[in-house]
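# Summary of the model geometry
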Amino acid sequence: MSSLLSIGKSGLLASQVGLATVGNNITNANTPGYNRQVAIQGDTGTQYQGFGYVGSGTEIQAVRRYYDNFLATSLRNAESNQASLDAYSSQISQIDNLLADPTAGLSPALQDFFNGVQDATASPASAAARQSLLSNAESLASRFQAMSARLTEISSGVNNQITSNVGEINAYAKQIADINLTIAGLTTSQAEPNDLLDKRDQMLTELNKLVRVTVVPGDNNMLNVSFGTGQPLVVANKAFQLGTSTSPTDVSRVTLGYQTDAGAFTPLPDEVFTGGQLGGLIEFRNGAMDRAQNSLGQVAAGLVTAFNAQHVLGQDENGALGSNFFNPIQAYVGTNTRNSPASTAEVSATVVDAGGLTASDYSVDFDGTNFNVTRKSDGKVTQINPFPQTTPQVIDGVAYSITGTPQQNDNFLVRPTYTAANDFSVAIKDRDKIALAAPISTAAPTTNAGNGKISAGSVDVNYLTPGNALTATATLTFDQASGTFSGFPAGQDVTVTVNGTATVYPAGTPVPYTDGANISFGGVNFSISGTPADQDTFTIGPNTSGVGDSRNGALLAGLQTKNILDNGKATFQTTYAQMVNYVGTKAREAQISGTAADAAVKQATDAQQSVSGVNLDEEAANLLRYQQAYQASGKVMQVASQLFDTLLSLGN
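Owing to the predicted nature of the structure, the values given are computational and were not obtained by experimental measurement.

How each quantity is defined
Residues numbered from 1 in each chain as written. Predicted model: local features only at pLDDT ≥ 70, side-chain atom pairs only at ≥ 80, totals over all residues. Heavy atoms only, no water. Helix = DSSP H or I, 4+ residues; strand = E, 2+ residues; numbered from the N terminus. Contact = heavy atoms within 4.5 Å. Areas by Shrake-Rupley, 256 points an atom, 1.4 Å probe, with all protein chains shown as cover. Lys, Arg positive; Asp, Glu negative; His and termini not counted. Charge placed at Lys NZ, Arg CZ, Asp CG, Glu CD. Core = buried A, V, L, I, M, F, W, Y, C linked by side-chain atoms within 4.5 Å. Buried < 20%, exposed > 50% of the residue type's maximum accessible area, 1.4 Å probe, protein only. Pairing = 2+ DSSP bridges. Axes fitted to C-alpha atoms, helices over the stretch in contact; angles between N-to-C directions. Expected span 1.5 Å × (residues − 1). Bend = angle between axes of the 7 residues up to and from the residue. 1 Å grid on protein atoms, 1.4 Å probe; cavity = no way out; pocket = protein on both sides within 12 Å on 5 of 7 lines; lining within 4 Å. Points joined across faces, edges and corners; volume = space filled by probe spheres on them. Phe/Tyr/Trp six-rings, centres within 6.5 Å; stacked < 30°, edge-to-face > 60°.

Attention now moves to the overall build of the protein chain. Along its length, the protein chain carries 11 helices and 30 strands. By its C-alpha atoms, the protein chain is 165 × 50 × 40 Å across when sized along the principal axes. Intrachain contacts of the protein chain at a sequence separation of at least 6 include 70% that bridge at least 24 residues. Of the roughly 30,400 Å² of accessible surface on the protein chain, a fraction of 51% belongs to carbon and sulfur atoms. Separation of charge centres in the protein chain, based on 34 positive and 53 negative side chains, amounts to 6 Å.

With that out of the way, let us pick up the nonpolar core. Core analysis: the biggest nonpolar cluster contains 110 residues, and F113, F144, L233, F273, F325, Y400 and F572 have the highest contact counts within it. Per-element tally for this core: the top contributor is helix α4 (residues 127–186), with 19 residues. Excluding its chain neighbours within four sequence positions, the residues that come into contact with L233 are I169, A173, L207, V213, V225, S226, F227, K238, A239, F240 and L242. Listed in part, the 24 residues of the second largest apolar core include V312, L313, V494 and I528.

Before going further, it helps to spend a moment on the sheet that holds strand β8 (residues 238–239). Pairing between the strands of a sheet comes from backbone hydrogen bonds, and it takes one of two forms, parallel or antiparallel. As summarised here, the arrangement of the four strands in space is β5-β6-β7-β8, forming an open sheet in which the pairing is antiparallel. A single partner strand is all that each edge strand has here, and the edge strands are β5 (213–217) and β8. Relative to β8, strand β7 (residues 231–235) runs antiparallel, the two sharing two bridges. What sits directly across from V234, in β8, is A239. Against the sheet, α4 makes contact with β6 (223–227), β7 and β8, and its axis sits at roughly 45° relative to β7, the strand it touches most.

What follows concerns helix α6 (residues 276–311). Between its terminal C-alpha atoms α6 stretches 51 Å, which fits the 52 Å expected from 36 residues at 1.5 Å a residue. At R285, α6 shows its largest bend, some 35°. For α6, the buried fraction is high: 30 of the 36 residues fall into the buried class.

A word on the layout of surface pockets. Gaps between atoms show up when a probe of the same size as a water molecule is rolled over them. Computed from the structure, the largest pocket encloses a volume of approximately 840 Å³. Along its surface, the largest pocket is lined by 35 residues, and R253, D270, N286, D290 and K376 are the ones closest to its centre. Secondary structure elements with two or more residues in the lining of the largest pocket: β10 (254–259), α6 and β19 (411–415). Examining the composition of the lining of the largest pocket, we find that eight residues originate from one element, α6, more than from any other.

Strand order in this open sheet of three strands is β9-β10-β11, and the pairing throughout is antiparallel. Either end of the sheet is taken by a strand with one partner, and the two such strands are β9 (242–246) and β11 (265–267). If you compare each strand with its neighbour and ignore which way they point, the axes differ by 50° on average. Relative to β11, β10 runs antiparallel, the two being bridged by three bridges. Bridged to G257 within β11 is P267. The strands touched by α4 within the sheet are β9 and β10, with β9 carrying the most contacts at an inclination of about 155°.

Another aspect to go through is the pairing of strand β15 (residues 371–375). The element β15 is largely enclosed, with a buried count of four among its five residues. Bridging between strand β14 (residues 362–366) and β15 involves five bridges; their strand directions are antiparallel. What sits directly across from F366, in β15, is F371. Once β14 ends, the chain turns through four residues before running back antiparallel as β15, passing G368 with a positive phi of about 105°.

Moving on to the packing of aromatic side chains. The full count for this structure, using the stated rule, is 24 aromatic pairs. An angle of 55° between the planes, with centres 6.4 Å apart, marks the rings of F227 and Y258 as tilted. Taken together, the positions of F227 in strand β6 and Y258 in strand β10 put the pair 31 residues apart, joining distant regions of the chain. F227 gets classed as buried once you look at its relative accessible area, which sits at 1%. Given the relative accessible area of 16%, Y258 is considered buried.

Written out as structure tokens, the structure is:
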């Protein structure tokens, strides 16, 4: 009878464990990270009774959780990609809304400014038109500055989120290391702490949403966690702490690396932080964010440089040559704080050529012999030659000037256009100093016998060279016998260009006449056409009555539609439109990819839950099964008790 009671008791206990396991599954059906468990039941062995082997009952061999590492890893990776895209999309949508706004964007302000230039050109003597031009210029500067401030605000928010994410990553790393140790202490060859394993997996899931990690099993059921290209985050029960620091070349930017308890910081490249919110933020910052800021600055710096270059070739209402209309743009230069203390090298960079500008950043490095300027967008290297410099060297529209004594491995970051929109400002405050007129005038006396005509003339940058500006009127006289003109200013070589072929005539040499040829000297350009008669004269001199003149204004207005940027391939508006299109495309790509990522997460979740999830219908059936088994085991014990009572009654 005792063996029958023991068998019934073992079944009763096994059913109790089964009921408890099913109940635990049911109550944790909605617990994040919970993997369903099942009680694994087996017999307790048999005993030989002479005629054969008789069973001795049952026992619970283990409570096993249903877990598939492949499915769990697939789900974590899908969630990491989803978190990365969500973070990227939420950030780039802010820039997309800013740039594409038809009222708050740059295009309306740019159009208003050039409308003001055209109005002033149409009425150069109108004080109201000139003042309106200055007002529109100030509005344009405010728009550039406001957009730059908003982009800077978004960038600052990204820095804060990166710092916050690093703190969360460190917290999860510490918790995983601690729970690793606990799990190792509770794991035996027969049993594992299922609840702690679930808790650790959930931590890994949350960590993976912050940054993509790789999990490798270690000794004694502990896990090793790394990120990037194998950088360790958790090794057994040791957690490595990440930290943030100010970039050594840009105080507005945070860098990431390992942080020791003693405060030492070891930087890591941004490329190792992929996936998760952190990966999405870094991808956004280093991609769309930088490009938007640099491209906006490219438009600003290009407009400043091109407009100033033309404005200084004009003449204001006071009769003086034009000055800079906008304040010149200085490129941002960041000196690496890790440069040798013995170094006295300084780098300055000024935007001088609108067409050569790119939207890239540059690294300036000293290798011990030479300074090398590396364009970061494509890795192109240009050497500063000679060094030490005698004059600034222009690279991609930026004049580099390097002074002092460098030390090997000195490094500087040059961002030609990054702060240009913020630095965009109007230099001229007096409307009379707007140079709408041209500084020269030409004329053909009515006493000329021939029908020759002289163009209005223009000047180029060579006119600004000391000694070239006209101070007196030059009279050109045609000699019909030799077919030449004489009377050009003393000391000036004359260049005649016919069908693209230029011929230079030394100063004082008669210049052959070719109908319609372009004639230039000392930065002055004009042409004579028609058939001049012998001794016909044409005059070229300073503009002494240019109040109603707007020849330079017309050239300034023409800059709006002129292909200036990107080496003469794009206007200001098209460059801005390309930036808007780029950001809009990236934002749309992020939305589409986000939708695909959501579907991938759902599929991975369904696959993982099909193995590890709690099915309430199934658990309800198991509940009934274990209940019936419990009742049946109780019935076995009841029968054993009745048989025992019967045996006892036989002795009476």
